[in-house]
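# Remarks on the overall topology
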Amino acid sequence: MSNRPGKRAIFFVYDRGTGIGHLRRLGCLARRLQGRLSCLIVTGHRSAAHWFVPEECEYVHLPSWDSLLEDKARYWDRRPFVVLDEAGAVRLRKAILTAVVEAFEPDVIFVDHLPLGAGEELAEVIEDTRCLKYLVTRGVLNETANLRRLVFGGKAGRYLDAYYHRILVATDRKVFDFAAQYNLGPAIRGKTVHTGYVADGVPHDTVKTVREDRGLKDGDLWVVASAGGGQLGEPLIEGCLELVRAYPDVTFDIVRGPRSNIAWPRRHRDLVETGNLRLHKETHEMPFLHAGADLVISSGGYNSLLEALQGNARILCFPFWRDRRDEQYRHAARLRQFVDLEVSLDLSELPGMFARAIGSIGCGVPDRRAELDFDGAAAIERIVHRDLGLTA
């Protein structure tokens, strides 16, 4: 451990995927831990960082894979800011990461999703830095990407066994038992702790205020549709805009996401002018919108689901990846035992599912969402303080 005053934590955000859920989860943890620890977030996300990095914390922006690799940049119709092959991109990120760790001297390193990062750029940092290391996982892994191998197999598995102190599973065990599902060996199982879900809390009395601020009266229906980070969510957003035309008496908020590549839809200006639609690229009020809505439509991302579950909304999920082994589909399917939720891999089913969902609002349906554990951030705070020997 460092011998200078004060404890310090680095949070490394996985950024090779399509969403920003990893940043939001670690941002929530950093906000909880900031104070007794100084929390620094390291992320390749740029546009989302100003929303989800807590003001009381700091962050370092890494050159993102989107701006380093040609195939990633092509999605955004641009060229990489520097011409590198993948090995060169890994070397660049690794050098910056190493310098940040050497300068900051952390007592704790949190890594989200993959033990060594997307390109094993964390390997030397994990092996050489003398501090506590925690892997944070949402629990349900994407089987289509062979994440069991990427997390538990080969070099990643060896480092998880040799250098990581704990695996923090940010899921309610009643929904998904991580150790049992993946048949973990005794060494890894012994490091695994289910903490409960990690999400920014939305107090119940806030929901009423949010609805009043939106201008809703008793009996008004409010639908919130979002595409998470936005990448790959463009068809879902287009489908939801068609619902606005079909249901002029329903109030809509539609959030396309900061990583969407669709142009701001001027052709829908007429819908906005009718007063029943607000269009957003992104908004820091997303947790309150999800919690206050009567119906939430999303891809089934971790944060979107947790925010909707903290209110009273019916939920419709249309995962981006069209495979039942995908994390979004599997997690949504598991939650159906607790909440009125439908999940489909066929976006053409959206109109019918929407009609059924709004028709059921106001009818009594079984709902067990109150049984779910949303205190994961507090549980992780207790674990970290105990491991660091901090007194209460």
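What this report covers is the structure whose coordinates are included nearby. (Residues numbered from 1 in each chain as written. Predicted model: local features only at pLDDT ≥ 70, side-chain atom pairs only at ≥ 80, totals over all residues. Heavy atoms only, no water.)

### Remarks on the pattern of salt bridges
As a reminder, the rule being used: Just to be clear on terms, a salt bridge is a Lys or Arg side-chain nitrogen sitting within 4 Å of an Asp or Glu carboxyl oxygen. Only protein chains enter the calculation, and the probe is 1.4 Å; a residue is then buried if its accessible area is under 20% of its type maximum, exposed if over 50%, and partly exposed in between.
Applying the stated criterion across every chain yields a total of 22 salt bridges. One salt bridge in this structure joins Asp177 and Arg173, with 3.6 Å as the shortest N-O distance. With relative accessibility at 26%, the residue Asp177 sits in the partly exposed group. What emerges from the salt-bridge pattern is a single network uniting Asp15, Arg93 and Glu121.

### Thoughts on the side chain of His194
The cut-off we apply is this: Where helices and strands are cited, they refer to DSSP runs of H or I of at least four residues and of E of at least two residues respectively, numbered from the N terminus. We define a polar contact as two N or O atoms separated by no more than 3.5 Å, with the added condition that, inside protein, one atom must be a possible hydrogen donor and the other a possible acceptor, whereas residues neighbouring each other in sequence contribute only through side-chain atom pairs. By definition in these notes, contact holds between two residues if any of their heavy atoms fall within 4.5 Å.
By the element assignment, His194 lies in strand 7 (residues 192-194). Residue class for His194 comes out buried when judged on its relative accessible area of 15%. One polar contact links the side chain of His194 to the main-chain amide nitrogen of Phe178, over a distance of 3.0 Å. Once residues lying within four places of it in the same chain are set aside, the contact partners of His194 are Val169, Thr171, Asp172, Arg173, Phe176, Asp177, Phe178 and Ala179.

### Brief notes about the sheet that holds strand 12 (residues 314-317)
Definition in use: Between any two strands, pairing holds if DSSP finds at least two bridges. Helix axes are fitted only over the stretch in contact, all axes being lines through C-alpha atoms; the angle between N-to-C directions runs from 0 to 180 degrees.
Across the sheet, six strands lie side by side as 10-9-8-11-12-13; this open sheet has parallel pairing. Looking at strand neighbours, the two that pair on one side only are strand 10 (277-280) and strand 13 (341-343), the edges of this open sheet. With direction set aside, neighbouring strand axes in the sheet form an average angle of 10 degrees. Direction of pairing for strand 8 (residues 222-226) relative to strand 11 (residues 295-298): parallel, over a ladder of three bridges.

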